[in-house]
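# Coordinate analysis (summary)
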Amino acid sequence: MGQTDKLWDLFGLVHQPGDAGDKVLEVQFRALKKGIPWLYLVMVFDIFSCIYAVTDSSSIWLRVIIPIVVTTALIGRMILWVRRRHDIFEPETALKLLRSVAVASAIIGSLCAFWSVLAWQSETSSFRYYIPAFMALGAFSTAYCFSLMPRSAILNVSIGILPICTLLLTSGMMIDIALGATMVASTLFLVGLVRRQHRQMVQMIDLQRKMHDMAHTDALTNLYNRRAFHEQLDNALRQHHSEHGLSLAMFDLDKFKHINDSHGHMTGDQILQITAERLQATIGEFAMISRLGGDEFAALFVDQPPLVCHQLVEAAVQKLQEPVHIDSNQLSIGASYGLKSIGPNDDMQAIELISKTDLSLYEMKIEKSGAKAPADREAAASGRIYAA
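Residues numbered from 1 in each chain as written. Predicted model: local features only at pLDDT ≥ 70, side-chain atom pairs only at ≥ 80, totals over all residues. Heavy atoms only, no water.

### Quick word on the nonpolar core
Counting 49 residues, the largest nonpolar core has Ile36, Leu74 and Phe146 as its most contacted members. If you list the elements that add at least two residues to this core, you get helix H2 (18-51), helix H3 (60-83), helix H4 (91-122), helix H5 (130-145), helix H6 (150-169) and helix H7 (174-216). A total of 12 residues in this core trace back to one element, the largest contributor, which is H4. In contact with Ile36, not counting residues within four places along its chain, are Trp81, Val101, Cys145 and Phe146. With 30 residues, the next largest nonpolar core counts Phe256, Leu272, Leu312 and Val313 among its residues. (Core = buried A, V, L, I, M, F, W, Y, C linked by side-chain atoms within 4.5 Å. Buried < 20%, exposed > 50% of the residue type's maximum accessible area, 1.4 Å probe, protein only. Helix = DSSP H or I, 4+ residues; strand = E, 2+ residues; numbered from the N terminus. Contact = heavy atoms within 4.5 Å.)

### A look at the packing of helix H8 (residues 226-238) against helix H12 (residues 350-369)
Packed helices, taken two at a time, are described by the angle between their axes plus the distance between the axes. Remark: H8 packs on H12, axes separated minimally by 10 Å, with the N-to-C direction vectors making an angle of 110 degrees. Here H8 is positioned roughly perpendicular relative to H12, judged by the angle of their axes. Read as a crossing pair, H8 and H12 show a hand that is right-handed. For the pair formed by H8 and H12, the contact residues are Phe229, His230, Leu233, Asp234 and Leu237 on the first element and Ala350, Leu353 and Ile354 on the second. (Axes fitted to C-alpha atoms, helices over the stretch in contact; angles between N-to-C directions. Parallel < 35°, antiparallel > 145°, perpendicular 65-115°, else oblique. Left-handed = near helix turned anticlockwise from the far one by under 90°.)

### Quick notes on the packing of H6 against H7
Between H6 and H7, the shortest axis-to-axis distance is 9 Å and the interhelical angle comes to 175 degrees. Classified by the angle their axes make, H6 and H7 are roughly antiparallel. Of the residues assigned to the contact of H6 with H7, the class counts are 17 nonpolar, three polar and two charged. (Nonpolar A, V, L, I, M, F, W, Y, C, P; charged D, E, K, R; others polar.)

### Observations regarding the pattern of salt bridges
Going through the model one piece at a time under the given rule, you end up with nine salt bridges. Among the ionic pairs, Asp252 bridges to Lys365, the shortest N-O distance being 3.4 Å. Placement of the pair is Asp252 in strand S1 (residues 246-253) and Lys365 in helix H12, with a sequence separation of 113 residues. Residue class for Asp252 comes out buried when judged on its relative accessible area of 5%. As a salt-bridge pair, Glu322 and Lys319 come within 3.4 Å of each other at their nearest N and O atoms. Taking the relative accessible area as the measure of exposure, Glu322 reaches 36% and is therefore partly exposed. Several salt bridges converge on common partners, so that one network encompasses Asp252, Asp254, Lys365 and Lys368. (Salt bridge = Lys/Arg side-chain N within 4 Å of Asp/Glu carboxyl O.)

### Examining the packing of aromatic side chains
Inspection of every chain in the model, using the stated rule, returns three aromatic pairs. Here Trp120 and Tyr129 contribute two aromatic rings whose centre-to-centre distance is 5.4 Å and whose plane-to-plane angle is 85 degrees, an arrangement assigned as edge-to-face. For the pair Tyr130 and Phe134, a centre-to-centre distance of 6.1 Å together with 20 degrees between the ring planes defines the contact as stacked. Residue Tyr130 and its partner Phe134 are both found in helix H5; the two are separated by four residues, about one turn of the helix. (Phe/Tyr/Trp six-rings, centres within 6.5 Å; stacked < 30°, edge-to-face > 60°.)

### Considering unusual backbone geometry
In the Ramachandran plot, Asn222 falls in the positive-phi region, its phi being about 65 degrees despite a non-glycine side chain. Here Asn222 is to be found in the loop between H7 and H8. A positive phi angle, close to 60 degrees, is found at Asp303, a residue other than glycine. Along the chain, the position of Asp303 falls in the loop between strand S3 (296-302) and helix H11 (306-320).

### Some remarks on the sheet that holds S1
The four strands are arranged S2-S3-S1-S6 in an open sheet whose pairing can be described as antiparallel. The open sheet has two edge strands, strand S2 (287-293) and strand S6 (335-342), and neither has a second partner. Here the average twist between neighbouring strands, direction ignored, is 20 degrees. Here eight bridges tie S1 to S6, and the two strands are oriented antiparallel to one another. Of the residues in S6, the one forming a bridge with Leu253 is Ala335. Running at roughly 170 degrees to S6, H11 makes contact with S1, S3 and S6 of the sheet. (Pairing = 2+ DSSP bridges.)

### A look at H6
Remark: the principal bend of H6, roughly 35 degrees, maps to Ile161, with a proline, Pro163, within the next four residues. Buried residues along H6 sit in contact with H4, H5 and H7. (Bend = angle between axes of the 7 residues up to and from the residue.)

### Here's the deal with the environment of Leu190
The residue Leu190 is located in helix H7 in this model. For Leu190 and Phe140, which are 50 residues apart along the polypeptide, the C-alpha to C-alpha distance reads 7.6 Å. Not counting residues within four places of it along the chain, the set of residues in contact with Leu190 comprises Phe140, Ala143 and Val157.

Shape is all these values report; function is a separate question.
Take a look at the structure:
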């Protein structure tokens, strides 16, 4: 990790790997996209209110220049985010935007904190007590908006609150000390809420991922299940792959029913687990492997040359034909397969591709058995898989 990444990591703005990292980033991005324009609008009103806390005797920097600079920055950022309200989430782009928000908010907060210190020191009227109140409102609003980015939220609150609180606590006047202590206590309470909300978000995302995995994973083999297979196939067919299109392979164990009936379901389950392991070992790097049900498996190759897919499937079948040793029994199963490929520009529905692939599988099983295929072979093949 480079120095820049270490710096961003301090503020919780490093993209964590995997689907969980993408999901956290997406939730943060969508929340900010909704909240940031409103935050900047509130801050504009807050700044205009702050101007009334200083008298005409104050310098032009306090009354005009700094407020105009900050207000211009806020309005510019607000317009920018309003234009982004329809942006589609992309991890790298979203991360850059979150970082830009953190930096921009820190700069704006620093300017506001600088103004509050100067205004407090130069103002002697009772209106000066509005200054820390307005600063607290602005900092707390920013922290609430950044609540799903806890480190950035804490940074922004610290920048806005600490300078004015330091002046209050060191002024020697009881009312100032009491106000400063109240602001510090409120800030600590808010920081606790922000951290708790972030933890709840992470726990919720983790729970959603676990529920998704349970709904899309075959419990026996830990492969994708039928539902996940259909989702993956539909998504792959909707995409236009640049060169090789996609290939679908379907496998069926040749002697599974006999072994299952002769040696029991526990042995059958072990056969299915070993089959899954062998498929993953031979083609899992190149394809998405699913168990469709029973002894039927599928492998979806995306953007792989058809010839390579055929060679991989042949290698997988050879691996499946190796003897299996279970409870001192040496069992041989073997497998049949069907393989169909479509080009990147071919228009084919998922049901048609599955039917053609299963027909190819069915024909191989008929050829192996030496039986005569029925006249309506396609109906028989497609009926076999959709009956499951």
